[in-house]
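Here is how the chains run, residue by residue.
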Amino acid sequence: TPKDSALLTLVDDMTRAIRDEDLIEFSRILKEGWTLKKASSKKILENERVKEIDDALAASSSVLCHKLCGAGNGGFFLFFKLEDEEMKIPPGAIRVNIDYAGVTVTRL
C-alpha cells in the first residue's frame, strides 16, 4: 500500500541518521514513521490506555520521539528522552538504558 511504501522509504534515511549519530534526524524519522503508522489504521489507537500513553508522550517536553512497538495485546512504547531530563514514568514501566557499554533493565 502507499502508506507502507512511505514507511519503507524512511529505512535508508534512518540508517544514515544512525550511522551519522544524528539524534535530531533520528528523532524526526521515528516521529514521521509513527505518524504514518497511526494513519494506516484507526485500530492502532482504539484502546483508550494506548491513546492516553501516546498523547502523554507526545505532550512531554522531555520526550524526543516515541512509537508503539509490537502488535495485538503485547506491545510496548519505545521512547527516547534526553538523559538529564526528568519525566514522570507510569506504574509498571520498565526502564531500559542503552549506551556504548551495553544494555541494563530496571523494573520501575
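Residues numbered from 1 in each chain as written. Predicted model: local features only at pLDDT ≥ 70, side-chain atom pairs only at ≥ 80, totals over all residues. Heavy atoms only, no water.

Novice: Before we move on, can you summarise the overall build of the protein with the specific residues and values?
Specialist: Helix and strand content of the protein: three helices and four strands. Starting at the N terminus, the α and β elements of the protein follow one another as α-α-α-β-β-β-β. Counting all 108 residues of the protein, 20% fall into the buried class. In the protein, of all internal contacts separated by at least 6 residues, the share reaching a separation of at least 24 is 31%. Total accessible area computed for the protein in this model is approximately 8200 Å², and 56% of it derives from carbon and sulfur atoms. (Helix = DSSP H or I, 4+ residues; strand = E, 2+ residues; numbered from the N terminus. Buried < 20%, exposed > 50% of the residue type's maximum accessible area, 1.4 Å probe, protein only. Contact = heavy atoms within 4.5 Å. Areas by Shrake-Rupley, 256 points an atom, 1.4 Å probe, with all protein chains shown as cover.)

Novice: I'd like a rundown of helix H3 (residues 48-59), residues and numbers included.
Specialist: With 12 residues, H3 should reach 16 Å at 1.5 Å per residue; the first-to-last C-alpha distance of 16 Å fits that figure. Every buried residue belonging to H3 is among Val50, Asp54 and Leu57, and all of these are buried. The buried residues of H3 occupy one face: seen down the axis, they fall within an arc of 65°. In H3, the exposed positions that point more than 90 degrees away from the buried face belong to Glu48 and Ala59. On its buried side, H3 packs onto helix H2 (23-40), strand E1 (63-69) and strand E2 (76-81). Where H3 begins, one side-chain oxygen reaches toward the backbone nitrogen of Arg49, 2.8 Å away; that side chain belongs to Asn47. (Expected span 1.5 Å × (residues − 1). Arc of directions from axis to C-beta. Polar contact = N/O pair within 3.5 Å; in protein donor to acceptor, adjacent residues only side chain to side chain.)

Novice: Could you give me a rundown of the nonpolar core, with the residues and numbers involved?
Specialist: Counting residues in hydrophobic clusters, the biggest one holds seven residues: Leu10, Met14, Ala17, Phe26, Ile29, Leu30 and Cys65. Elements with a minimum of two residues in this core: helix H1 (2-19) and H2. Membership of the second largest hydrophobic core comes to six residues, among which are Trp34, Ile44, Val50 and Val63. (Core = buried A, V, L, I, M, F, W, Y, C linked by side-chain atoms within 4.5 Å.)

Novice: Residues and numbers for the pattern of salt bridges, please.
Specialist: Taken as a whole and judged by the stated rule, the model has six salt bridges. One salt bridge in this structure joins Arg16 and Asp13, with 2.6 Å as the shortest N-O distance. With Arg16 and Asp13 both in helix H1 and three residues apart, this pair spans about one turn of that helix. Residue Lys38 is joined to Asp54 by a salt bridge in which the shortest nitrogen-to-oxygen separation is 3.2 Å. (Salt bridge = Lys/Arg side-chain N within 4 Å of Asp/Glu carboxyl O.)

Structural measurements only, silent on function.
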